[in-house]
Amino acid sequence: MRPALALDGDPLFGLATPPGHSGVAVVRLSGKGIPDLLLPLLRKPDGSPVRGEDLPARVMRRVDLVDSKAGEVLDQVLVVHFPGPRSFTGEAQAEIHCHGAPVVVARLLELLVAAGMRPAQPGEFSRRAFLNGKMDLVQAEALMSLIGASTLRAARAATRHLRGDFSRQVGQIRDVLVVLLAHLEAHLDFSDEEIAPDTPERMLATVTQQQALLEKIHQSASLGRHLRQGFELALVGRPNVGKSSLFNCLAGEERAIVTPVAGTTRDVNEYSVVIAGVPVRLVDTAGLRQGGGVVERVGVERARERLRQADGVLFVAEAQKGVLPGDRDILATLDRDKFLFVWNKMDLLSAGRTIPDVQSAWPGSVVLTASCRTGAGIDQVRAAMVDLLGAIPTDGEGVVLMQARQVAAVGRAVTALQECGHIFVRGGDLELAAIPLREALAALGELVGEVTQEILLDKIFGEFCIGK
Ligand code: GDP
C-alpha cells in the first residue's frame with residue numbers, strides 16, 4: 001500500500017529544461033531538507049542572508065545565487081518553495097529559475113552537490129510522486145506520453161489520462177466487480193458481510209456489461225498506437241518515376257536524394273507529416289526492381305518488408321509513359337484495398353493526351369494526377385491519403401490506451417471476465433466463477449499500479465527524462 005502521507009526521500013535535483021542556451025533554465029529540487037539546504041547559496045539583493053521564512057509556500061522570490069567558492073554572485077535567480085505534500089512529488093520541493101547559460105547551470109548543479117544533494121535518476125521525480133500517492137501508474141505513463149507527444153491530438157489523449165479520466169473509469173469498473181465478488185462469495189457463504197446474494201442471471205448481466213466496457217477501452221489500443229507511432233504510408237514505383245520528389249513535396253522538406261540516375265534511392269527514408277492530428281510516416285522505399293547491384297537488392301528486400309507492414313501504399317507512375325511492364329509487376333504485388341495510384345509528371349504529358357485508363361484494370365483503385373515539378377495535384381494527394389487512412393476516427397475520442405503495458409492488463413481483464421461469463425452461462429459452479437473474477441480484479445489493480453514490482457517501476461520510470 002502506498003503511504004497517504006508523503007515521506008521525504010533523500011534530497012535530489014534535476015534540470016527540468018533541455019540543456020543548451022536558453023532564456024531561462026529550471027532546476028527542480030525534492031526531498032528532505034528542501035529548501036533549507038539551498039539557503040546558504042542564496043542572498044537577498046541587498047546582500048543579507050535568505051532565511052526559510054523568506055521563501056513562503058508557492059511564492060516566487062527574486063534572489064542572488066552566490067558561488068561560495070568564488071564569493072561572487074553567479075546569477076540573479078527566482079526561487080519558489082512547494083512544501084509537501086502539496087507538491088508534484090508530495091515531498092518538500094523547490095525550483096530555481098536561473099538564466100539558461102550552460103556554464104551557469106553546470107556550476108549551479110555543482111553547488112547543489114556541494115550543498116548535500118544528488119542528481120536525480122531519469123523519472124525519479126515521477127516515481128516519488130507515484131510512491132507518495134500523488135498519481136497512479138496510468139497517470140505516470142500519461143505524463144511520459146504527454147512529454148513525448150508529437151501531435152496535439154496525442155497530447156490531448158495523454159492529458160485525459162493524466163487528469164485521471166482513465167483511472168476513474170477503471171475504478172468504477174473495479175467497484176462494480178468488487179460488489180459482484182461479494183455477491184458471489186455470499187452465495188458460497190464465505191462472506192463476512194450480510195448481503196442478499198444476487199441471482200446468477202443478474203450477476204451474468206453485470207459481468208457482460210463490465211466486459212463490454214473494458215473491450216471498448218481495449219479496442220482503443222489501435223488508435224493509441226497510431227497516435228504514438230503514426231500511420232505508415234509506403235511510396236512505391238519504378239525507379240525515376242518521382243517517388244522521392246513526391247515524398248519531398250508531401251513532407252515539405254528536402255529529405256530523400258533526388259537524382260536523375262535510375263536506382264539511386266537505395267535505402268529507406270522516412271519523414272513524418274501530421275494529417276488529421278495523426279502522424280503519418282512516409283516511407284520512401286528503394287525502387288522495387290529486380291536485378292541491380294547487391295546494394296540495390298538489399299534495398300529492394302527492405303522495400304518489400306516495409307510494404308508488408310505499411311498501412312497504405314502510394315503507387316507512383318509516369319503520366320507521359322503510361323503503364324509499363326515494370327509498373328504491372330509492382331502493381332501485381334500490392335494489396336488493392338489500400339493503394340492510391342498517382343500519375344506523376346503530368347507536366348510532361350503532351351497537350352491533348354489523356355492519362356491511360358487504369359480503373360478497368362485495377363477496379364476500385366483511387367487514381368490521382370500530380371506534378372512534383374509544378375506542385376499541381378499535391379493537395380489532392382494529401383486529401384486522398386486522409387481518406388485512405390479512414391481508420392483515423394474523428395477527434396474527441398474518450399479514453400485511448402497508449403502503452404503496451406496497459407493494453408496487456410486490460411486484455412487480461414477482458415479474457416478473465418469472458419471466462420467468468422462462460423461459467424455463468426454453462427450454469428457451472430459459482431465457486432469457479434470467483435477465480436477469473438479475482439484475476440480480472442488483479443489485472444485492473446496492476447493497471448493502476450496498486451500491485452507493483454520494483455522491477456516494473458524501474459522499467460516504467462527509467463524511460464522518463466531527467467528532471468521529471
Ligand atoms: P524516384 O527514383 O522514383 O525516387 O524518382 P525521383 O524523385 O528521384 O525523380 C526522378 C527524376 O524525375 C528527377 O530528375 C526528378 O526531378 C524528376 N521528376 C520528378 N517528378 C517530376 C515531375 O512531376 N515532373 C517532371 N518533369 N520531372 C519530375
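The text that follows walks through the structure, step by step, so that each part is easy to find. Predicted model, so just to flag it, every value in this text is computed and none were measured.

A few words now on the nonpolar core. The biggest cluster of nonpolar side chains holds 35 residues, and the ones touching the most others in it are Phe-166, Leu-177 and Leu-214. Every element with two or more residues in this core is listed here: α5 (165-188), α6 (200-219), α12 (404-425) and α13 (430-448). With ten residues, α13 is the single largest residue contributor to this core. Beyond its immediate chain neighbours, meaning those up to four positions away, Leu-177 contacts Gln-210, Leu-417, Leu-437, Ala-440, Leu-441 and Leu-444.

Looking now at the side chain of Glu-95. Secondary-structure assignment places Glu-95 in strand β6 (residues 93-100). One buried charged residue, Glu-95, forms no salt bridge at all, with the nearest opposite charge on Arg-28 at 4.2 Å. If we skip the residues at most four places from it in the chain, Glu-95 touches Val-26, Val-27, Arg-28, Leu-29, Leu-78, Val-79, Val-80 and Phe-82.

Okay, the pattern of salt bridges next. With the rule as written, the count across this model stands at 19 salt bridges. In this structure, Glu-318 engages Lys-321 in a salt bridge whose closest nitrogen and oxygen atoms are separated by 3.5 Å. Between Asp-379 and Arg-382 there is a salt bridge; the shortest N-O distance is 3.3 Å. Here the residue Asp-379 and the residue Arg-382 both occupy positions in helix α11 (residues 378-388), the gap between them amounting to three residues, near one helical turn. Judged by relative accessible area, which is 54%, Asp-379 ranks as exposed. A relative accessible area of 30% places Arg-382 in the partly exposed class. Connected through shared salt-bridge partners, Asp-10, Glu-91, Arg-118, Glu-124 and Arg-128 make up one network.

Applying the stated criterion across every chain yields a total of two aromatic pairs. A centroid spacing of 5.1 Å and a plane angle of 70° characterise the contact between Phe-315 and Phe-341, whose relative ring orientation is edge-to-face. Remark: Phe-341 occurs in strand β12 (residues 339-344) and Phe-315 occurs in strand β11 (residues 312-318); sequence separation between them is 26 residues. The burial state of Phe-315 is the same as that of Phe-341; both residues are buried. Taken together, a centroid distance of 4.9 Å and an interplanar angle of 45° make the contact between Phe-341 and Trp-343 tilted.

The next subject is the environment of Pro-356. Summarising the element assignment, Pro-356 is placed in the loop between β12 and β13 (366-369). Its relative accessible area of 28% is what places Pro-356 among the partly exposed residues. Sequence spacing of Pro-356 and Val-323 is 33 residues, and the spatial spacing of their C-alpha atoms is 7.5 Å.

About the thresholds
- Residues numbered from 1 in each chain as written.
- Predicted model: local features only at pLDDT ≥ 70, side-chain atom pairs only at ≥ 80, totals over all residues.
- Heavy atoms only, no water.
- Core = buried A, V, L, I, M, F, W, Y, C linked by side-chain atoms within 4.5 Å.
- Buried < 20%, exposed > 50% of the residue type's maximum accessible area, 1.4 Å probe, protein only.
- Helix = DSSP H or I, 4+ residues; strand = E, 2+ residues; numbered from the N terminus.
- Contact = heavy atoms within 4.5 Å.
- Lys, Arg positive; Asp, Glu negative; His and termini not counted.
- Salt bridge = Lys/Arg side-chain N within 4 Å of Asp/Glu carboxyl O.
- Phe/Tyr/Trp six-rings, centres within 6.5 Å; stacked < 30°, edge-to-face > 60°.

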